[in-house]
Amino acid sequence: MRFLILSDIHANWEALSAVLHDAATRRYHAVLCLGDIVGYGPNPNEVVSWIRTHADVVIRGNHDKACSGVATSESFNSVAQCSSRWTREELHEDHLQWLLNLARGPVLVEDFDLVHGAPDDEDRYMFHEHEAETGLRYVTEQLTFFGHTHVQGGFIGEPYRRHFEVSRLNVLPNQMSIVPERTYLLNPGAVGQPRDGDPRAAYCIYDSTMRIVEFCRVTYDIRTVQEKILERQLPQELAFRLASGD
Ligand SMILES: [Fe+2]
């Protein structure tokens with residue numbers, strides 16, 4: 001089975017469209033979404049509508065919670081709060097209700113897990129090895145996909161006595177095999193707002209039969225998204241950061 005794994009789309013329709021076009025050439029059977037479908041971007045209704053129709057498994061992200069009212073946006077900075085308010089007003093009522101009822105990770109698919117932030121806390125970031133090490137103590141499966149950081153890659157843990165020796169995937173191989181005796185926390189990267197220095201939309205394909213993960217990047221029409229962000233009077237920082245990818 002081949003899975004298209006999407007995270008942090010953030011209402012960026014142009015990025016999602018480019019990813020779908022690119023992914024079609026690689027073939028997949030099911031779509032998995034790791035949350036943060038909305039927030040920041042200018043097309044929340046279009047993106048929610050596509051995910052509702054086409055995604056097979058979806059878990060919630062912190063922006064989905066804030067925009068739908070499951071959680072407050074108190075912990076957000078002013079830019080995120082502003083986009084969260086705008087998104088909430090913009091979303092159709094039935095899309096809001098759908099976001100409100102999204103599952104919390106971890107959610108098991110075949111023999112791997114999906115989480116938004118970390119295995120122990122859906123809102124916790126795993127940027128660094130020590131944060132991943134904490135997460136690895138809570139995993140029940142060999143492979144977990146996570147999002148939230150908007151950084152493509154992740155971590156590999158090798159059991160050592162009572163803890164894990166954790167290494168980060170710094171230089172990404174395009175294709176990576178899942179091998180026995182290691183535990184993986186893998187991030188497909190952000191479709192709609194990459195923050196790893198590469199402004200291209202990020203996603204991955206996981207082939208669960210071959211046990212191979214393919215990390216992919218694709219260019220998209222950033223300028224159109226920037227124009228929409230400014231037209232809708234969302235904070236201009238949200239437009240600028242798409243071009244820098246950080
Ligand atoms: Fe996000």
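Just above sits the structure.
Predicted model only: the values in this text are computed from it and were never measured.

*Asks:* Looking at this structure, how should I read the coordination of the iron ion?
*Replies:* For the iron ion, every protein donor is listed as Asp8 (OD), His10 (NE2), Asp36 (OD) and His150 (NE2), and the spread of their distances is 2.1 to 2.3 Å. Between consecutive donor residues of the iron ion, the sequence gaps follow D-x1-H-x25-D-x113-H. Of the two residues, Asp36 sits in the loop between strand S2 (30–33) and helix H2 (44–54) while His150 sits in the loop between strand S6 (143–145) and strand S7 (153–160), which places them 114 residues apart along the sequence. The same class applies to Asp36 and to His150, which are both buried.

*Asks:* What's the story with the environment of Thr149 in this structure? I'm lost.
*Replies:* Tracing the backbone through its elements, the reader meets Thr149 in the loop between S6 and S7. Sequence spacing of Thr149 and Ala190 is 41 residues, and the spatial spacing of their C-alpha atoms is 8.1 Å. Those residues within four positions of Thr149 in sequence are excluded, and the remaining contacts are Tyr125, Met126, Phe127, Asn187 and Arg195.

*Asks:* So what exactly am I meant to see when it comes to the pairing of strand S10 (residues 183–187) here?
*Replies:* Remark: a regular strand shows side chains that alternate across the two faces of the sheet. Summarising burial for S10: five of the five residues are buried, a large majority. Looking at chain direction, S6 and S10 are connected through three bridges and run parallel. Considered in S10, the bridge of Leu143 is made with Tyr184. Inspection of the sheet shows S7 paired to S10 by five bridges, in the antiparallel sense. Across the sheet, Phe155 pairs through a bridge with Leu185, a residue of S10.

*Asks:* Just to check I follow, could you spell out the sheet that holds strand S5 (residues 112–114) for this structure?
*Replies:* Strand pairing in a sheet takes place through backbone hydrogen bonds and is either antiparallel or parallel in direction. Reading across the sheet, the six strands line up as S4-S5-S6-S10-S7-S8 and stay open at both edges, with mixed pairing between neighbours. This sheet does not close on itself; its edge strands, each paired only once, are strand S4 (107–109) and strand S8 (163–168). In this sheet, neighbouring strand axes are inclined to one another by 25° on average, regardless of whether the strands run parallel or antiparallel. Bridge analysis of S7 against S8 gives six bridges, and the strand direction is antiparallel. Across the sheet, Ile156 pairs through a bridge with Ser167, a residue of S8. Seen against the sheet, helix H6 (residues 129–136) touches S7, S8 and S10 and runs at an angle of roughly 135° to S8.

*Asks:* Help me understand the sheet that holds strand S9 (residues 175–177), please; the structure alone is not making it clear to me.
*Replies:* Across the sheet, six strands lie side by side as S3-S2-S1-S11-S12-S9; this open sheet has mixed pairing. Strand pairing shows two members of the sheet lacking a second neighbour, strand S3 (57–58) and S9, which therefore form its edges. Judged from the seven bridges that link them, strand S11 (residues 201–207) and strand S12 (residues 212–218) form a sheet pairing that is antiparallel. Looking at the pairing, Cys204 lines up with Phe215 of S12. Contacts between helix H1 (residues 13–24) and the sheet are confined to strand S1 (2–6), S11 and S12, with S11 contributing the most and set at about 35° to the helix. Running at roughly 130° to S2, H2 makes contact with S1, S2 and S3 of the sheet.

*Asks:* Could you clarify how one ought to interpret unusual backbone geometry in this entry?
*Replies:* The general pattern is negative phi for most residues beyond glycine and trans for most peptide bonds. At the junction of Gly105 and Pro106, the peptide bond is cis and its omega measures out at 0° in the coordinates. Position of Pro106 relative to the elements: it lies in the loop between helix H5 (93–100) and S4. Positive phi values are uncommon outside glycine, yet Arg211 reaches one of about 55°. Here Arg211 shows up in the loop between S11 and S12. A relative accessible area of 23% places Arg211 in the partly exposed class.

*Asks:* What exactly am I supposed to notice about the packing of aromatic side chains here?
*Replies:* Within a pair of aromatic rings, the relevant descriptors are the distance that separates the centres and the angle that separates the planes. Under the definition given, this model contains six aromatic pairs. For the pair Phe3 and Phe112, a centre-to-centre distance of 5.2 Å together with 75° between the ring planes defines the contact as edge-to-face. With Phe3 in strand S1 and Phe112 in strand S5, the pair connects residues that are 109 residues apart, well separated along the chain. Accessibility assignment for this pair places Phe3 and Phe112 in one class, buried. Look at Phe145 and Tyr206: their rings are 5.6 Å apart centre to centre, the planes differ by 55°, and that puts the pair in the tilted class. In this pair, Phe145 sits in strand S6 while Tyr206 sits in strand S11, placing the two residues 61 residues apart along the sequence. Across the pair, exposure class does not vary: Phe145 and Tyr206 are buried alike.

Calculation notes
- Residues numbered from 1 in each chain as written.
- Predicted model: local features only at pLDDT ≥ 70, side-chain atom pairs only at ≥ 80, totals over all residues.
- Heavy atoms only, no water.
- Donors = N, O, S within 2.8 Å, 3.2 Å for Na, K, Ca; no water.
- Helix = DSSP H or I, 4+ residues; strand = E, 2+ residues; numbered from the N terminus.
- Buried < 20%, exposed > 50% of the residue type's maximum accessible area, 1.4 Å probe, protein only.
- Contact = heavy atoms within 4.5 Å.
- Pairing = 2+ DSSP bridges.
- Axes fitted to C-alpha atoms, helices over the stretch in contact; angles between N-to-C directions.
- Phe/Tyr/Trp six-rings, centres within 6.5 Å; stacked < 30°, edge-to-face > 60°.

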